[in-house]
Structures are given as structure tokens and as C-alpha cells.
Amino acid sequence: MSTLPPEVATEDATKQSFWMPGNYQHTVKRTEDAFQACNDIVVCFQERARVERQYAQQLSEWSNKWKPLVDSSPLYGSLLQAWQCFLSSADRLAALHSSVCRSLVSEDGDRVRTWQKETFHKKLFGGFKESQDFGTGFARAQKPWAKRLKKLDKARSAFHKVQRKEQTARDREVHAKGNPDVAIEKQRKIQEERELAQQETEKVRARYEKVLEEVTRYAPRYMEEMECIFDQSQEEERKRISFLKQAFLSVHRHLDVTNNESVKAVYNELHNTLMAINEQDDLRWWKNTHGPGMPTDWPQFEEWTPEKKSKKGKKEKEVESQQGTIERR
């Protein structure tokens, strides 16, 4: 892979420098970029909120599907309670992730939107007031500097032009002195042209050095004014970074279920329920409910006891009489 020569690379870097005319636009554009970044952050975590909501729904659906099957399963005792605890834990986790979803949208998202509205002030015809203020400040500070640079560039071009002209005259003079075919008068004329070109070069050099001195003398003031505006933009960016840091920490706090006390309680309860599985207690329950431990009436000798005839009441006799009449018919 080819690379630019060092002198070319240095020249390009200088042209891209913040101090060169117009290159402050990167800093000005940072405001609009930050506004767009806020939009992206909100959308990003809105999508994460949907993931949390879908997960909560899936947990609830899973729990509701298995509850009747688990309740009617052949398991019993502490083992059944452990299985059921997985489902109740899922219900509690579903509620938790639904809460995470709401926090990401209504708390974190709304917080960024509110801050965004208070921090960035849109102009009627597009753009932001903050960007305009910084752009205007940089442009005002850079205008006299750019004017001096333009003047310096013109003086430098003029100096280089007369230098080339002088060099051409010198080359002609050297060629003429070493050539016997060139007449003395012609050589004298060429020498005069070289002397005039040299004088012109000195004159233009002096003008160039004067303009350069003026630019050099103005540079500290220019740097001070540009840095003042740049520091203001840095302070605004510092506030943005600080706010978004806190916003990200809030998102982290909502998403980090590993440190959520409710989640810890869910899994602690589930773990305790699992550890409470006791095979001896379960076997004892089964023995007493479905096995040898069940109470029963063992067979024993029973005397015959005659049934007692109960006296019939007046109404019962009337009913029997009516039934007999019906049968005879």
C-alpha cells in the first residue's frame, strides 16, 4: 500500500488544521451530531424495551401454559412445590421485565427527550441556535485572520514568481558567459536583466516579509479569540457528555437485573424451595396417603342387627294410599 511522502502528508495535515479558514465547521457540526445521537439513543433503547416486553409476555405465556399441567402432574410433596415455584418465579420475573420496559421508555427515554428539548433550540428554517452562535463566533474571529492569510498567500505567490524569474535570468547569464557566440553587448544586456530581476526579488521579498510579520504579530490575538469560542463549545459538549453518561448509567441500573433486589428475592426463594425438597418427607407423605400408612377398618366379627321399623307419618300414609289407588286402576 502506497503512502504519501512526509512533506505532502504534513501539508495536508496543515490544511486540515483547526486554525485554517473554515475548519472550525467540525466543531460547529458537533451540536447537530449530538442532537442526532440523542435521537438514536432513544430509538435504540425503545427497541430494547420492546425486547423486555416480549420476554415478559413469553414468560407469562410459558407459565400459564404449564401451570395446569404441573398442578395435575403425578409429582407430589416438596418436589411438586419446587416445580410450581419455577412457574411462580417466572410470573414475578415477567412483572419485573415489564417494569424494566416501562422504565426504559417512560423514565430514560423521556429524560433524554426532555433534556434534548431544553438543550437544543431549533431555528425556524433549520439548524440550531447553538450551532449558529458558535459558527458566527468562529467566523467573526477568523475573518481578519483569513484576510491576512489571503494577503500573505498573494505576497508569497508574487515572491515565488519573481524568484523563478530571477533564476531564469541567472541561468541565461551563466549560459551567455560560457558561450563565445554571444556578443558582449548581448551579455551585458542579459546581466542587466538579471540585476533588475534580483532587485525586483529583493523588493518583493521585503513586501512578503512585512506581510508575514503582520500575520505573525496578529496570530496570538487570533488564537486567543478562537480558543475562547472553542472553550465555550467544549463546555457545552462537556455538559452533553456528562448528561448522557448519567442517562447510560440509569439504563444500566434498569437493565442490570443481577443487582436487582426483587430478582435476588425471586431466585433466593426458588433456591430455598429447591433445597427444601426432602425425599424422606415426600416418601412419608406418599406412604401415609397412598401406602401402608393409610388408616383402614380391618375386618372383624359383626353381630346381625335387625332394622328398626320407623313409624309412618300421616302424610306418608296418604301418599301410599294414593299410590295404591293408582295401581288398582
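Residues numbered from 1 in each chain as written. Predicted model: local features only at pLDDT ≥ 70, side-chain atom pairs only at ≥ 80, totals over all residues. Heavy atoms only, no water.

According to UniProt, the comment filed for the chain under the heading Subcellular location (unreviewed entry) is "Endomembrane system". (UniProt positions renumbered as here; feature names shortened; annotations may be inferred.)

### What to know about the side chain of E166
Relative to the elements of secondary structure, E166 occurs in helix α4 (residues 129-177). Reaching out from E166, the side chain makes a polar contact with the side chain of R170 at a distance of 2.8 Å. The contact partners of E166, leaving out residues within four places of it in the chain, are A197, Q198 and T201. (Helix = DSSP H or I, 4+ residues; strand = E, 2+ residues; numbered from the N terminus. Polar contact = N/O pair within 3.5 Å; in protein donor to acceptor, adjacent residues only side chain to side chain. Contact = heavy atoms within 4.5 Å.)

### Considerations on the pattern of salt bridges
Two side chains of opposite charge can pair, provided their charged atoms sit close to one another. Scanning all chains against the criterion turns up 22 salt bridges. For R148, the salt bridge is made with E214, and the minimal N-O distance between the two is 3.6 Å. Of this pair, R148 sits in helix α4 while E214 sits in helix α5 (residues 184-255), and the two are 66 residues apart along the sequence. Using a relative accessible area of 23% as the deciding quantity, one classes R148 as partly exposed. What makes E214 partly exposed here is its relative accessible area of 26%. Three or more residues are tied together by salt bridges with common partners; here these are R30, E237 and R240. (Salt bridge = Lys/Arg side-chain N within 4 Å of Asp/Glu carboxyl O. Buried < 20%, exposed > 50% of the residue type's maximum accessible area, 1.4 Å probe, protein only.)

### A few points about empty space enclosed by the protein
Inspection of the entire model under this criterion finds one cavity of 30 Å³ or more. Around the largest cavity sit I41, V42, F45, L104, D108, G109, V112, A247, F248 and V251, which together line it. Broken down by secondary-structure element, the contributors of at least two residues to the lining of the largest cavity are α2 (25-71), α3 (77-119) and α5. Element by element, the count of residues in the lining of the largest cavity is highest for α3, at four residues. Residues that form the lining of the largest cavity fall into these classes: eight nonpolar, one polar and one charged. (1 Å grid on protein atoms, 1.4 Å probe; cavity = no way out; pocket = protein on both sides within 12 Å on 5 of 7 lines; lining within 4 Å. Points joined across faces, edges and corners; volume = space filled by probe spheres on them. Nonpolar A, V, L, I, M, F, W, Y, C, P; charged D, E, K, R; others polar.)

### Topic: the packing of aromatic side chains
The geometry of an aromatic ring pair comes down to the distance between the two centres and the angle between the two planes. Using the criterion set out here, one finds 16 aromatic pairs in the structure. Their ring planes at 65° and their centres at 5.9 Å tell us that F120 and F128 sit as a pair that is edge-to-face. As far as the burial class goes, F120 and F128 line up, both buried. With a centroid separation of 6.3 Å and 50° between ring planes, the pair formed by W285 and W286 is classed as tilted. We classify W285 as partly exposed; its relative accessible area is 39%. If you follow R148 out to its NZ or CZ, it ends over the ring of Y218, 4.1 Å from the centre. (Phe/Tyr/Trp six-rings, centres within 6.5 Å; stacked < 30°, edge-to-face > 60°. Lys NZ or Arg CZ within 6 Å of the ring centre and 35° of its normal.)

### Digging into the confidence of the model for the chain
With 89% of its residues at a pLDDT of 70 or more, the chain has an overall mean of 88. Mean pLDDT across the secondary structure elements of the chain bottoms out at helix α8 (residues 314-328), with 57, and peaks at α2, with 95. (pLDDT = per-residue confidence, 0-100.)

### Overview of the packing of α2 against α3
Running from N to C, α2 and α3 point in directions that differ by 165°, and their axes come no closer than 8 Å. The orientation of α2 with respect to α3, classified from their angle, is roughly antiparallel. The element α2 and its partner α3 pack so that their crossing is left-handed. For the contact of α2 with α3, a count of residues per class yields 24 nonpolar, eight polar and seven charged. (Axes fitted to C-alpha atoms, helices over the stretch in contact; angles between N-to-C directions. Parallel < 35°, antiparallel > 145°, perpendicular 65-115°, else oblique. Left-handed = near helix turned anticlockwise from the far one by under 90°.)

### Concerning the environment of A94
By secondary structure assignment, the location of A94 is in helix α3. Beyond its immediate chain neighbours, meaning those up to four positions away, A94 contacts A56, L59 and S60.

### Regarding a nonpolar patch on the surface
Residues W62, W66, L69, L75, L79, W83, F86 and L274 make up a contiguous nonpolar surface patch of roughly 670 Å² in combined accessible area. Mapped onto the nonpolar patch, the elements with two or more residues apiece are α2 and α3. Here L79 lies in helix α3. (Patch = residues over 30% accessible without salt bridge, like charges linked within 9 Å, V, L, I, M, F, W, Y side chains within 5 Å. Areas by Shrake-Rupley, 256 points an atom, 1.4 Å probe, with all protein chains shown as cover.)

### Section: the environment of V42
Mapping V42 onto the fold places it in helix α2. Along the chain, V42 and D110 lie 68 residues apart, while their C-alpha atoms are 8.4 Å from each other. With residues near it in sequence (within four places) discarded, V42 still touches G109, V112 and R113.

### What to know about the environment of E200
Residue position: E200 is located in helix α5. By relative accessible area, which is 35% here, E200 ends up partly exposed.

### Digging into the packing of α4 against α5
In the contact formed by α4 and α5, the axes pass within 7 Å of each other and the chain directions differ by 160°. As judged from the angle between their axes, α4 and α5 are roughly antiparallel. Note on packing geometry: the crossing formed by α4 with α5 is left-handed. Partitioned by chemical class, the residues of the contact of α4 with α5 number 26 nonpolar, nine polar and 17 charged.

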